Amino acid sequence: MRTLGILRSEITTTLRRHRTYALLAVLAAVPVLIGLAVRIETGGGGPGGGPDGGAGPAFLTQVTNNGLFLVFAALAATLPVFLPMAVGVVAGDAIAGEASAGTLRYLLVAPAGRTRLLLAKYASVLTFCLVATFVVAASALAVGALLFPVGEVTTISGTRISFGEGLVRAALTAAVVAASLAGFAALGLFVSTLTNSGIGAMAATVGLLITVQILGSIPQLSAVHPYLFTHHWMSFADILREPVHWDDLVKNFQLQGLYAAVFGSAAWARFTTKDITA
């Protein structure tokens, strides 16, 4: 019961911060901007109605035929940068922010224990990952249904599925995207245990994200690409195949689990031995 109380308190605190509201508002605005841009560019016509044709995020050309595809396009647009940056802010501030505000010592005075507190912090970050991803998906679904027709979904494999099944796959895609951020969340939590500066931890976490993104774009470093936590992020597109292709999705889950285990253990080793002075 004590563990559940700590977990509930941490999740509530994370989701009720003004910074969290601001991050979620920015994420919710991205599908709106994408939908309006597509609508204005194509005039609501068929795919490739504008001069840029198929340029832009994946699934963008299908949006005009079926507004449900705006969910997939918005997730494809936000996953490389916007979603992980928001997660990096929350994860980087999880421990360092408490130390910077002078509240970390008081949290540990309660009979919570460092391990239990760290697990609660990580769970709250994962909850934010899930909430943020579904905010993007919900915003995209609402805008897509408002601006474009909706109906049966044509999968990447060329088959057609019902709109209801398409909704299920959109929800599954959002869940997969949220799970894809688990490894990065653990990395951010580890960084947060290394400093007492919340701003410094957030900046370092986002900096690591940018560095990994750059490394992943250099062809000469292709040997290390499979080990980067971003490598299988776009595998969620396989959910829109018929049948669903699970190979890359499983590899993504395994990689995220590995990062979560390694950096979660590193965060635990650091936090349980750290001299808390703030």
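Residues numbered from 1 in each chain as written. Predicted model: local features only at pLDDT ≥ 70, side-chain atom pairs only at ≥ 80, totals over all residues. Heavy atoms only, no water.

Novice: Can you walk me through helix α10 (residues 247–273) in this structure?
Specialist: Helical geometry: 3.6 residues make up each α-helical turn, so side chains three or four residues apart lie on a common side. The end-to-end C-alpha separation of α10 is 39 Å, in line with the 39 Å expected for 27 residues at 1.5 Å each. Every buried residue belonging to α10 is among L249, N252, L255, Q256, Y259, A267 and F271, and all of these are buried. (Helix = DSSP H or I, 4+ residues; strand = E, 2+ residues; numbered from the N terminus. Expected span 1.5 Å × (residues − 1). Buried < 20%, exposed > 50% of the residue type's maximum accessible area, 1.4 Å probe, protein only.)

Novice: So what exactly am I meant to see when it comes to the packing of aromatic side chains here?
Specialist: For any two aromatic rings, the description comes down to two numbers: the centre-to-centre distance and the angle of the planes. Applying the stated criterion across every chain yields a total of 6 aromatic pairs. Between F184 and F229 the ring centres are 5.4 Å apart and the planes differ by 25°, which places this aromatic pair in the stacked class. A residue pair is termed long-range when its members are at least 10 positions apart, and F184 in helix α8 (residues 182–192) and F229 in the loop between α9 (198–216) and α10 qualify at 45 residues. In terms of burial, F184 and F229 fall into one category: buried. In this arrangement the basic side chain of R114 is found over the ring face of F271, its NZ or CZ atom lying 6.0 Å from the centre. (Phe/Tyr/Trp six-rings, centres within 6.5 Å; stacked < 30°, edge-to-face > 60°. Lys NZ or Arg CZ within 6 Å of the ring centre and 35° of its normal.)

Novice: Looking at this model, I keep getting lost on unusual backbone geometry. Mind explaining?
Specialist: Most peptide bonds take the trans configuration, and most residues that are not glycine carry a negative phi. Here the bond from E242 into P243 is cis, since omega is 0°, no more than 30 degrees from zero. Here P243 is to be found in the loop between α9 and α10.

Novice: What exactly am I supposed to notice about the nonpolar core here?
Specialist: The nonpolar side chains of a soluble globular protein tend to be buried, and buried together. Counting residues in hydrophobic clusters, the biggest one holds 71 residues, and the most contacted among them are F59, V63, V87, F128, F229 and F236. When residues of this core are traced back to their parent elements, those giving at least two are α2 (18–42), α3 (69–78), α4 (82–101), α6 (114–147), α7 (163–180), α8, α9 and α10. Top contributing element to this core by residue count: α6, with 12 residues. Apart from the residues within four sequence positions on either side, F128 is in contact with L15, T20, L23, L24, A86, V87 and V90. (Core = buried A, V, L, I, M, F, W, Y, C linked by side-chain atoms within 4.5 Å. Contact = heavy atoms within 4.5 Å.)

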